[in-house]
Structure formats: C-alpha cells, structure tokens
Amino acid sequence: MAEMKVTPWEVTGEVDYDKLRRDFGLDRIDQPLLDRMKKHTGELHYLLRRGIFYAHRDLGWLLDEYEKGNKFFLYTGRGPSGNTHLGHLIPWTFTKWLQDKFKTELWFQITDDEKFLFKDGMSLEDSHSYAIENALDIIALGFDPKRTKIFIDTDYSKTMYPHAVRVAKHITFSTAKAVFGFTNETNIGSIFYTSMQAVPAFLPSVLAKRNIPCLIPLAVDQDPHFRVARDVMPKLGYYKPAIMHSKFMPGLGPGGKMSASDPNSTIYTTDTPDVVKAKIQRAFTGQQPTRELQKKLGGNPDICSICQFYRFFFEQDDKKLEKIFESERDGSLLAGEHKADLTERANKFLAEHQKKREKARSQLDKFLLRD
Ligand code: TRP
C-alpha cells in the first residue's frame, strides 16, 4: 500500500485516521463530548454514533458559548471540480442535522476560483457551471432557505475580497509552503487561495458587527486551511472557528476514498439506474472465491465496500446495519444478493434526490448570494 498522503487536493494510500488526527493536532470526539452534544440534540446522528465524524477543534469551547446563550453559525463548502458524489453528501447531511438541531445559520461556500486555480485543464467557466450544478445537490438536501446562504466565490468576491486581503497580509509564503507543500512553480493564485477559504469563518461576524462563534463541519483533508486561518483570526479580532472532522466515504473498489479519479467506484448524484447497477455489480466485497467457501467461512464487513456503503450512508438504523454485517460475516448473504439489495436502495435514494435536485433549479435565487 502506498504511503498515506492527505492534503486538501490529494488523498492517497491507506488513511490511518488516528495518526492523521495526531499529525494535524486534532482532539478526538470522545464519549463525554458526545454525551454533551446529546443533551442538546436528543438522539445522536448516525455519523457521530459510528465515529465517522471523529475529531474536532474547540468543540467544547463552542458548546460552552452555546450554553451561555452565545449562538454559533455553521460554515462549510464545496470545491466544484465536477459532479457531486455520495462522499460529498456525508458532511453536508451532517451539517443539515446540526442546522436543524441548533437552529443556526449556514454559510456554504462554493470555490470555483479554487478549482480553476488548482486543476489543470479546468476553465473558470466550467468550474462556475459545476458550482451551480453542485448548489442543486446542496439545496436538494433540504436546507432551510431562511437560514442558508450559498455563495460562489467569483459571484461574491466584491464582498469577500477586502476580508481575504486582510487575512492574506498575515500569511507568509513560507507558512503556505510549509502547510500546503507549495513550490516556486506554484501559481500565485493558489498561494493566495487559502485566504478566500478563511473569510466565511468570520464574514457573518463582520456583517453583524459583532463576534459570532463559528462551527465548520468538514472532511479531515480540509483541516490545513483552517489551521492557518485559526492563527490569523484572533489577529483580526475574531474567534477561532471550531471544527468537526469526518473520515472519507470509501469507494466501491478495494480500499481508498470515493473519488472522481476513480469514476467506476464512485456513485454520482446524477448517475442513471443502469450506471449505478453496473458500478455496484463490479464492486469489491472481499468475499471468498466461491459460494461454497463464502457460506462456510463468511466474509469481512470491514473490507466489503457494499457493507461500508450501508455504514456510511444507506442504513442509518444501527440494528439493521448490524444485521447486514452479521449476514456478511456468517456467509449467509452472497455477493449477488448483497449487490442487488444495495442497487435497489441506492436507486431509490437517487430517484428521490434527482427529483428534488430538478426542483431546486427554481429555488437557486432564494439561496444564492451575489454581489
Ligand atoms: N476547499 C474545499 C474543497 O475543495 C471547499 C471548501 C471551501 C470547504 N470552504 C470550505 C470545505 C469549508 C469545507 C469547509 O472541497
């Protein structure tokens, strides 16, 4: 297995989440913290119960403030490099749950500038049109339009830019090099970019003319941006944002995160039923080479991509999930049926989602902020 590498732009190798947490300097979301969350939310979200949102920065502080009556806002984002896949929906559905439970505002950044700067062959026109397409997926999840603001960087830059330069003045090239691995050959837009990602963590405070705590749910690869931002924000007079970090949803192949670089093991929200069926048909289950051996020896749900799809997304009931895992372990559920069940479940979800996604086209104006 290749050595683990996790940056905001590249994730390779087998991810050792505990090592990553220590390397990044994150705290674990432990039982006392979960109990504390539960006091405010009632039942915990399945992604918390299953340790998929597993690390944090300053969540205890955020809850202290909340308990004192100092409400927070949520901030998360999307880099529009292509169509949305199921892995992207993980932090977004969790964010929606937080919004519903804590009745907070959500600021959702879509970084067409970032994907243009970092991706070879990506035009600004294309990343902007992916941004709109991705916004449909976000809206389709059911965020509250009264509390949710979605903004595409190049459409909202007049508001953001003055604050981005305030951040940028506090970040040296050597810091950016050390944190992101930039070289002298890196284009200068990429070097500046992290200051654009920092802005929404305090923009609501600027606009409200008072300091408001911020909570950022994200996939763990995005942490480096906020490591830098958290150093800068007190210098501008704002709180450091709190962060909750998730693991990556695996793809349908053997190991590795769901990623656009491996489209066959990735389910997009726009995939047709036939495409979904074909992708799941080829999925890795890690089952024994023959039915007889599988019946006799059973399989391993931890490496079975179908089982993991249920764990991360398609089965939110813990008892039902355990049943699926057990039938993988005891050899009673053979690959064919296992795949057929998931295909049905996935296509049912996607049919609903695609309907909501189309409806969302007429709602864009209710959500999008533009200068
Ligand atoms: N850089 C992120 C990506 O490529 C997009 C993003 C912008 C983001 N702001 C964020 C992600 C805040 C999480 C939280 O996907």
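Residues numbered from 1 in each chain as written. Predicted model: local features only at pLDDT ≥ 70, side-chain atom pairs only at ≥ 80, totals over all residues. Heavy atoms only, no water.

Considerations on the domain arrangement of the protein chain
The figure often quoted for interface size is the accessible area lost as the parts come together. Domain boundaries in the protein chain define domain 1 (5-252) and domain 2 (263-359). Contacts between the two partners involve 22 residues from domain 1 and, on the opposite side, 28 residues from domain 2. Surface buried jointly by domain 1 and domain 2 totals about 2,300 Å² across both partners, of which 63% is contributed by carbon and sulfur atoms. Considering only the side of domain 1, the residues that lose the most area to domain 2 are R50, L86 and L252, jointly responsible for 36% of the buried surface there. Linking domain 1 with domain 2 are four salt bridges. R357 is the partner of E133 in a salt bridge, and the nearest nitrogen-oxygen pair spans 3.0 Å. Elements with a contribution of two residues or more to the side of domain 1 that touches domain 2: α3 (46-49), α5 (86-102) and α7 (124-140). By residue class, the composition of the side of domain 1 that touches domain 2 is 13 nonpolar, four polar and five charged. (Domains from an automatic or database assignment. Contact = heavy atoms within 4.5 Å. Buried area = accessible area lost by both parts, 1.4 Å probe. Salt bridge = Lys/Arg side-chain N within 4 Å of Asp/Glu carboxyl O. Helix = DSSP H or I, 4+ residues; strand = E, 2+ residues; numbered from the N terminus. Nonpolar A, V, L, I, M, F, W, Y, C, P; charged D, E, K, R; others polar.)

Some points on the sheet that holds strand β9 (residues 242-246)
As summarised here, the arrangement of the eight strands in space is β3-β4-β9-β8-β5-β6-β7-β10, forming an open sheet in which the pairing is mixed. Strands at the two margins of the open sheet, each flanked by one partner only, are β3 (27-28) and β10 (368-369). (Pairing = 2+ DSSP bridges.)

With respect to the nonpolar core
M37, L48, L86, L98, L215, M244 and F309 are the most contacted members of the largest nonpolar core, which has 64 residues in total. With eight residues, α5 is the single largest residue contributor to this core. Residues from two domains meet in this core; each of domain 1 (5-252) and domain 2 (263-359) gives at least three. If we ignore the near neighbours within four places in the chain, the residues touching L98 are M37, L74, K103, T104, L215, P217 and M244. With 29 residues, the next largest nonpolar core counts F151, A176, F180 and L203 among its residues. (Core = buried A, V, L, I, M, F, W, Y, C linked by side-chain atoms within 4.5 Å. Buried < 20%, exposed > 50% of the residue type's maximum accessible area, 1.4 Å probe, protein only.)

Description of helix α1 (residues 17-24)
The complete set of buried residues in α1 reads Y17, L20, R21 and F24. When α1 is viewed along its axis, its buried side chains cluster within an angular range of 100° and face the same direction. Sitting at the head of α1, D16 places a side-chain oxygen 3.2 Å from the backbone nitrogen of D18. Where α1 terminates, the next one or two residues include G25, which has phi positive at roughly 75°. (Arc of directions from axis to C-beta. Polar contact = N/O pair within 3.5 Å; in protein donor to acceptor, adjacent residues only side chain to side chain.)

Here's the deal with the site of the ligand
In the vicinity of the ligand, 15 residues are found, and the nearest of them are Y75, Q109, E114, Q197 and Q222. With respect to the ligand, the side chain of Q109 contributes an N or O atom lying 2.9 Å from a nitrogen atom. Separating an oxygen atom of the ligand from a side-chain N or O atom of K115 is a distance of 3.2 Å. Computed on the free molecule, the ligand has an accessible area of 370 Å², of which 92% lies beneath the protein chains in the complex. Counting residues per element, the ones that place at least two in the shell around the ligand are β5 (73-78), α6 (112-118), α10 (188-198) and β8 (214-219). The biggest single contributor to the shell around the ligand is β5, with four residues. (Near = heavy atom within 4 Å. Areas by Shrake-Rupley, 256 points an atom, 1.4 Å probe, with all protein chains shown as cover.)

Here's the deal with the layout of surface pockets
In this structure, the second largest pocket encloses a volume near 450 Å³. Considering the residues around the second largest pocket, the lining is formed by 22 residues, among which E14, P250, G255, G256 and D302 are closest to the centre. Of the residues forming the lining of the second largest pocket, the biggest block, four residues, is contributed by helix α15 (residues 305-314). Grouping the amino acids of the lining of the second largest pocket by side-chain chemistry returns 10 nonpolar, seven polar and five charged. Residue-level mapping places the lining of the second largest pocket at the junction of two domains, with at least three residues from each of domain 1 (5-252) and domain 2 (263-359). (1 Å grid on protein atoms, 1.4 Å probe; cavity = no way out; pocket = protein on both sides within 12 Å on 5 of 7 lines; lining within 4 Å. Points joined across faces, edges and corners; volume = space filled by probe spheres on them.)

What about the pairing of strand β6 (residues 106-110)?
Within β6, five of the five residues are buried, which leaves it mostly tucked inside the rest of the structure. Running through α5, the crossover from β5 to the neighbouring parallel element β6 is right-handed. Relative to strand β7 (residues 148-152), β6 is paired through five bridges, and the arrangement is parallel. Its bridge partner lying in β7, W107 is registered against K149. (Right-handed = clockwise from strand over helix to strand, strands pointing away.)

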